[in-house]
Each structure stands twice: as C-alpha cells, then as structure tokens.
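Coordinate analysis (summary)
What follows is each chain in one-letter form.
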Amino acid sequence: MSLQFFPNEIWYEVFSFLDFTDIICAFYGLNFRCNNLVIHYINRYGLDFRSISKTKFEIGCQRLQLSSMINSITKLYLSDDDETPYQTKLFLENGFTFHQFTYLNHLSFYELRSNEIWLTLINELSHLVNLTDLKMIKCYTTNVDPSSNTIMNIIWRLPKLRYGHFDISFKCDPYLAEINTRSLTLEHLILENVKCCSSALSRLFANTPKLKFISFYSEDNNDILFLPCMLSLISLELQLKKYSKILRNLLIQMPNLCHLKVNIVDLCFDGLQWENLIIDHLQKLKTFQLKMNFSCRFVDHNIVLKQLITSFSSSFWLEEHKWYIRFHSICNIKTGQIYCHTIPYEFSKLFFFDGYFRGSTCENINDYWSYDSVDTLEYNDRSFSLKDQIYSQIRFPNVRHLDLIDVDIPLFQSCLPNLHKLKSLKIIDFDLLSSVKYLLNQVTHLSSLIIHPNLFDLGKISVYRLNLLEYCNYLTHIQCVQLSNSSLLTYCVVLLIKIENIDDVPLLLSSSPNLRALKIQSQDDTTILDGLLVKDSTIDRVRSYLPITAEIGRDPICDRHIRVHKVTQLKEKNYRNGAEDCDSEWSEISPINIIVPSEQDKMRYFISIKTTRIQNCRTGHCITGALRTFYKEEVYVPYHRQVLNNLPGDLFLILQGYDKYDCIVRTRLDLFIAKDLPTGDLLPHDRVLVNPYYECSLDDIQPGYTKK
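Residues numbered from 1 in each chain as written. Predicted model: local features only at pLDDT ≥ 70, side-chain atom pairs only at ≥ 80, totals over all residues. Heavy atoms only, no water.

Right, let's get into the overall build of the chain. Looking only at helices and strands, the chain has 18 helices and 30 strands in total. Put simply, 66% of the contacts in the chain that link residues at least 6 apart link residues at least 24 apart. Accessible surface for the chain amounts to roughly 33,000 Å². Of this, 51% is attributable to carbon and sulfur atoms. (Helix = DSSP H or I, 4+ residues; strand = E, 2+ residues; numbered from the N terminus. Contact = heavy atoms within 4.5 Å. Areas by Shrake-Rupley, 256 points an atom, 1.4 Å probe, with all protein chains shown as cover.)

The following block contains the structure:
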C-alpha cells in the first residue's frame, strides 16, 4: 500500500515521534493530502517548541511564516528553560506576535523570565479572545511593573478562559494579587509558588463565581473577613502551613465540596477535628486525601501519637467512609516528628525518610503498600536501610524522578520494580561508585542526572542533561579535567555546572560535541560582586569561546548564573594544547557546493570564500549564481554549519540578472534586514546586483534601504 493511502491516525502516530520543524519540512507542500494532514495534526496537538534546538526553531518559524497554517493553530507551547533559553524572545524576533494567532485557545509558557516579554505579553494577552486554557509554569518576574496585580487582572478579563495554571514567582510581591476583575468563565484554577493571604482569597472567590476546582498554598492565620458561599466549588486541593484558622473558614463556605486533598505542614489537625468539620459542613464529600506532619516534644511523642491514631479510628473513618490512615515517626533526644497520610497514597511526591512505621487504621496492615501515584521520590536513609520488616513490602512502580541520600542501592532497588520509567536521578551526598553503576545499568531511559564529582567515572553513560549546579562546591580544574575525560559529556545536550575558573569552559566545551545549552556559575565571576553592570567582563570572556550565533546572558532569577544557548562548537582554537592561530593569518577554503532544487533541474551554487581573522575586521562570504529565490533552510543552515561557525562574517549574494530582485538569505540573526529595494540611482550599473536584502547592522544601513 502506498504511504499516501495510510489512514490519518497512522500518520498522526508517525508525527508524534517528530518535532514541528521535521513535520513541516518533510511533509508540508508535498501534496494536498499531506498539507491537510499537517494542518489537522497541528490543529489537534498544537505547536510545541519545548526542547527544540535553536536551528530547528528558526527553520520552523520561517516555514510557518511562509505557510497558511497560522490561522489553524489552536495550541502554542514556548519554553525559556535552561535547555531553550531566550526561545520566547526569538519567537517574537522572527516576526510573530501573539495576537496574530486569532484562533489560539491554549497557550503555555515555561520558565518565562524576561520582563520585556512580560510587558509584551500584557499588551497582547487581551487580544486572545478565544483563549480557554492558559498555563504559566515556573515563570518569574523581577520588576514591580509588571506587577502581579496587573498580570492577574488582565488574565481574569479574558472572555473565554476556563482553565488557568499559574506557577509564577513575583520577586517584588510573593503574595497573590487582589483580583478586581470578575470572570464568569474560569472554572479550573491552579496557583503555585504564590502565597494566598486571606484578603486576596476573599477577592478571588468573590470575582470567580463559576469556579469548580482550585489548588493553592496558604500560611495565613488571619480571619477571612468576607468569603462568599462557593456553591460551584466541588474540588479543592490545599497546602497549608502552621495555621488551621483559614482551613475552617474556607471549608464552611464550600457546602457542595465532593473532593478534598490536603497537605498540612507543621500543624496537627486530628481525626476528631476533621470528623466534626466534615459532618457539620461537608456532607457531600466523597473523597478525602490527607498528608500531614508536625513535631512535638520527645517526652510527649508516644502520647501524642497514640491520641492521633485513636482520633482516626472511629466508626466515621473505618466503617462509614473507609478512609484509612498510616503513621510514621522519627525521634531524637529533643523532639519527635510525626507523619501520617491516607491510604492508598494519592499524592505525586513523597519524602520517604529513615523513620519507623507506627501503625495503620487499616485492619490489614499489609494492604496498600504500592504507592502507584508517586512520580517524584526522595529517599533518605542516613543510618540504616528498610530496618522495619514491614517496609520490605513497599513498592514505587511509577517513579520518574528519584533523589537518593545515603541509601543501600541494591537493597532499595527492590522498591523500584520499573526502573525503565526513571527519567531523572539525583545522587550527590555519598560516593558509592559501585552501587551507582549498578543502579545506572538497570536504567534504560535516563535523561537527567545530578551527581557528586566523585562519581564521574561511571563508564559509558549516556545522559541528555547533566546538572552539577546542585553540588555545593565549585569544580576545581582537576575535576573539570576528570569530567572532560569521562563519557558523561559525550552525549550531553544540556550542562549546568559550577566551576572555580571561567577559563575551564573551553575544556568542557571541547569534550561536549552535542552540547546545545549551558548554564555556568563561576567562583571567579566578580562582575556582580563588584557591581560592574556597564561592562560584563565575565560574559565577554565566555562569549570569546563561543560561535557568533550563540545567545548569552545572565539568568534573571540568579545573576551569578550565565546561560548560553546554541553551543554548537568552539571557535577555531586548539584549547587542549593551549595553541591559538595567529590573528593575522589568512586562510583560503575550497569552494563548497550547495545543491538546491529549481523548476527544471538541480542547480549548483558555488561558494568561494576568502577570509581573514584580523580582529575588528569584517569577513565577507560570497555566493554567486543565477538569480532565484533562496530560502533560509536551503542556504543559511548548511552554510552556517560548515562555514560561519568557524569563520564568522557577513554573507553576500551576487547574482546574475537585473530586472528581477527576489533573492532572500538570512545570515546573521543579530542584524536588521533591509527589505525595500534602493532607488534606481543607487542600483549597480554593471548589471551585477549585491543582494538587496543584504543584512546589516543599524549603523550600516545605506540610503535607499529601509530597516524592518
């Protein structure tokens, strides 16, 4: 059967293994059916630019501009995380605006940090009148303007918004803004890393009358002066710290609540208190999930624990609702720490510590030891391993993120029956090299690794993301050499690292052929310490090791961190031997053939290059051939890869022809584009045209040209 006759769902399955750029470059434009397949797939699943390389991102953006798909796009995902920093900025620099996606109903931002982008978003967000879902995950803003009040009230004005997930840290104000705009459509709301005080909650509920689900965090002990009766609310997820007053005030105003999930820290709210609250105010409650921990004096530990178990052992818990509680605790000479949670455990994160199992209200204590919902597990066993026989039954079948502290790995591995699901691993507090090797040999799809420098010699390990920022000390030069000689950097795409000396960067880059993104913290970085903001000497030093197209800047969240994107290769220096080419040396490169299609036949365009690496001099590259339209992926990408990375400079086109000037080539992304043709008196008289779309800096634009 021919491929074009495959049903749509098979094509969609194939597309799911490709990123957007691969899909549009490979399939869009082949024929009418392929065009429709691509458009329908993008319409269903959206544009997801997360984890895409800068080169592919730029190609995808240009193809998108040339296509008619913008009006078909309903979902858009952009990420400025450590793997793809500056992506949102590049998206806008490629000529896009958010409001031109008129049919967009789902918009997601990840780790948005630029205040300039925040301001752009505020100005354009109100134009997205069809937006129903908005996510801002791990986002951050430093300035007072935009303030949380401005951002949240603009969001509340969106006329069709139903779902909002806002994980935003406002440096200027960590508390939720008071909502002054009424939303009659918002039904599902998640608030993370935003503290909710009682007055802000009161305003939020008053201006969101259709809310059905909310998740938030509070540590406020003040009375809520006015809280409307939330008849629409049927599901609540609450993280509470220290104080119980706000808990009571909230729940008594939610008579239709059916699902309650509570994580309580540093507070004991016992079974009798819960029982009275549920009977009096939450008669429609169907599911109840609780996680709670608090401390008490060591001398009171046993009494407090016994009373707590008794309070959850009434007929209300065991017979009427069958809500069971499991208890653990740990003691030292001064205090006791008590932990309890409902079973089966329904939370995604678990801190599993070196404590003792203290009992369960379930009749059979051997039930519910499979923690199926746990996605992120931190296991701490500083003095022993699974000492209680009962713990030998525990299983974590779906763990994807694992943090181990002083653990007997072979013994603990019995708790993890599905290591093939593990995506990230953190081991930094011990140096059990043989045990770590044993564990890694069982993991097949590990993408992120955080380890102690003593564990660099792990053999042939392939890891996508290596995080050494969380190691408390800076890596010495010797440790950098050890890392560069290990296999950890061979396939590494994202590297986060702390080093003593910034001059060790070239050594690390030379051992990282696949590196795309880099975050560095250097002990000898004195720019921030000395307050020298006009000239950033450390940034300049790092930039000197990188290709000209690399994006580099300080992390707004932590200005000690320097983030670099598109680390394709080093400049042409032998850093391993310490030798450098002479600055005044001239070099000649043989012509490179680039084959591009034409209507009649394939034509060859010859690139002849003569260049100098004298400092402060402009390098010129010249393409000659018959006049035609060039597209970026046809010329810029292969030319960039083969030439410009090694010999940075400007790219010129000198093409035959006089009465048609439709040539376009992108060469340097940091330059403006002169779009309009010069006036006739400025055209060359020898019938040889220097590309009218020649890119130049702002100061270099000639009379008769206009900048875009």
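Considering the arrangement of structural elements, one finds Thr-490 in the loop between α15 (477-485) and β20 (494-499). On the basis of relative accessibility, which here comes to 30%, the residue Thr-490 falls in the partly exposed class. Distance from Thr-490 to Tyr-464, taken between C-alpha atoms, is 9.5 Å for residues 26 residues apart in sequence. If near-sequence neighbours (up to four positions away) are discounted, Thr-490 is found in contact with Ser-511, Pro-513 and Asn-514. (Buried < 20%, exposed > 50% of the residue type's maximum accessible area, 1.4 Å probe, protein only.)

What follows concerns the packing of helix α2 (residues 20-27) against helix α3 (residues 32-45). Running from N to C, α2 and α3 cross one another at 165°; their axes reach a closest spacing of 10 Å. As the angle between them shows, α2 and α3 are arranged roughly antiparallel. With respect to the hand of their crossing, α2 and α3 are arranged in left-handed fashion. Contacts between α2 and α3 involve Phe-20, Ile-23 and Phe-27 on the former and, on the latter, Cys-34, Asn-35, Val-38, Tyr-41 and Ile-42. When the residues that make up the contact of α2 with α3 are grouped by side-chain class, the tally is seven nonpolar, one polar and no charged. (Axes fitted to C-alpha atoms, helices over the stretch in contact; angles between N-to-C directions. Parallel < 35°, antiparallel > 145°, perpendicular 65-115°, else oblique. Left-handed = near helix turned anticlockwise from the far one by under 90°. Nonpolar A, V, L, I, M, F, W, Y, C, P; charged D, E, K, R; others polar.)

Let us now look at a nonpolar patch on the surface. A cluster of nonpolar side chains, contributed by Ile-10, Val-14, Phe-17 and Leu-18, occupies part of the molecular surface with about 370 Å² of accessible area. Secondary-structure assignment places Val-14 in helix α1 (residues 8-15). Here Val-14 falls in the partly exposed class, since its relative accessible area comes to 37%. (Patch = residues over 30% accessible without salt bridge, like charges linked within 9 Å, V, L, I, M, F, W, Y side chains within 5 Å. Salt bridge = Lys/Arg side-chain N within 4 Å of Asp/Glu carboxyl O.)

This part takes up the side chain of His-106. Residue position: His-106 is located in strand β3 (residues 106-110). Owing to a relative accessible area of 10%, His-106 belongs among the buried residues under this scheme. In terms of polar contacts, His-106 uses its side chain to reach the side chain of Ser-108, at 2.8 Å. Dropping the residues within four chain positions of it, His-106 is found in contact with Thr-74, Lys-75, Leu-76, Tyr-77, Leu-131, Asp-133 and Lys-135. (Polar contact = N/O pair within 3.5 Å; in protein donor to acceptor, adjacent residues only side chain to side chain.)

This brings us to the pairing of strand β18 (residues 448-451). In β18, alternate side chains face the same way, and those of Ser-448 and Ile-450 on one face and Leu-449 and Ile-451 on the other are all buried. As paired strands, strand β17 (residues 424-427) and β18 are joined by four bridges and run parallel to one another. Residue pairing in the sheet places Lys-426 in a bridge with Ile-450 of β18. Note: β18 against strand β19 (residues 465-467), three bridges, orientation parallel. (Pairing = 2+ DSSP bridges.)

Glancing now at the nonpolar core. Phe-91 and Trp-274 are the most contacted members of the largest nonpolar core, which totals 105 residues. One finds Trp-369, Phe-396, Leu-508 and Ile-539 within the second-largest nonpolar core, a separate group that totals 62 residues. (Core = buried A, V, L, I, M, F, W, Y, C linked by side-chain atoms within 4.5 Å.)

It is worth spelling out the packing of α1 against α3 at this point. At a closest axis distance of 11 Å, the pairing of α1 and α3 adopts a crossing angle of 65°. Crossing of α1 over α3 shows right-handed handedness. On α3, the residues touching Asn-8, Glu-9, Trp-11, Tyr-12 and Phe-15 of α1 are Arg-33, Leu-37, Val-38, His-40, Tyr-41 and Arg-44. Taken together, the residues of the contact of α1 with α3 break down into six nonpolar, two polar and three charged.

Quick look at the environment of Ser-392 now. For Ser-392, the position within the fold is in the loop between β15 (376-380) and β16 (401-405). The exposure class assigned to Ser-392 is partly exposed, which follows from its relative accessible area of 35%. Note: C-alpha distance between Ser-392 and Phe-412 (20 residues apart in sequence) is 9.1 Å.

Attention now moves to the pairing of strand β8 (residues 235-241). Sheet analysis places strand β7 (residues 213-218) next to β8, joined by six bridges and oriented parallel. Bridge pairing in β8 places Ile-214 opposite Leu-236. Pairing of β8 with strand β9 (residues 259-265), which is carried by seven bridges, proceeds in the parallel orientation. By the bridge assignment for β9, Lys-241 is matched with Val-265.

Of note, the amide linkage connecting Ile-343 to Pro-344 takes the cis form, showing an omega dihedral of 0°. Considering the arrangement of structural elements, one finds Pro-344 in the loop between β12 (335-343) and β13 (349-352). Despite not being glycine, Glu-111 shows a phi value in the positive range, around 55°. Note on placement: Glu-111 falls in the loop between β3 and α6 (115-125). A residue is classified by how much of its surface remains accessible, and Glu-111, at 16% relative accessible area, is buried. Phi at Asn-193 takes a positive value of approximately 55°, unusual for a residue other than glycine. In this fold, Asn-193 is placed in strand β6 (residues 188-195). On the basis of relative accessible area, Asn-193 is assigned to the exposed category, the value being 55%.

We now examine the packing of aromatic side chains. Scanning the model with the defined rule gives 27 aromatic pairs in all. For the pair Phe-91 and Phe-98, a centre-to-centre distance of 5.9 Å together with 25° between the ring planes defines the contact as stacked. Here a set of aromatic residues connected by ring pairs shows up, and it is made of Phe-20, Phe-49, Phe-57, Phe-91, Phe-96, Phe-98, Phe-101 and Phe-109. Seen from the ring of Phe-347, Lys-261 lies directly overhead, with NZ or CZ sitting 5.0 Å from the centre. (Phe/Tyr/Trp six-rings, centres within 6.5 Å; stacked < 30°, edge-to-face > 60°. Lys NZ or Arg CZ within 6 Å of the ring centre and 35° of its normal.)

Looking now at the pattern of salt bridges. All told, the structure shown has 23 salt bridges when counted by the stated rule. For Lys-56, the salt bridge identified is with Asp-19, shortest N-O distance 3.1 Å. Pair noted here: Lys-56 is in helix α4 (residues 54-66) and Asp-19 is in the loop between α1 and α2, with a separation of 37 residues, a long-range link. By relative accessible area, Lys-56 is classed as partly exposed at 28%. The residue Arg-465 makes a salt bridge to Asp-82 at a minimum N-O spacing of 3.7 Å.

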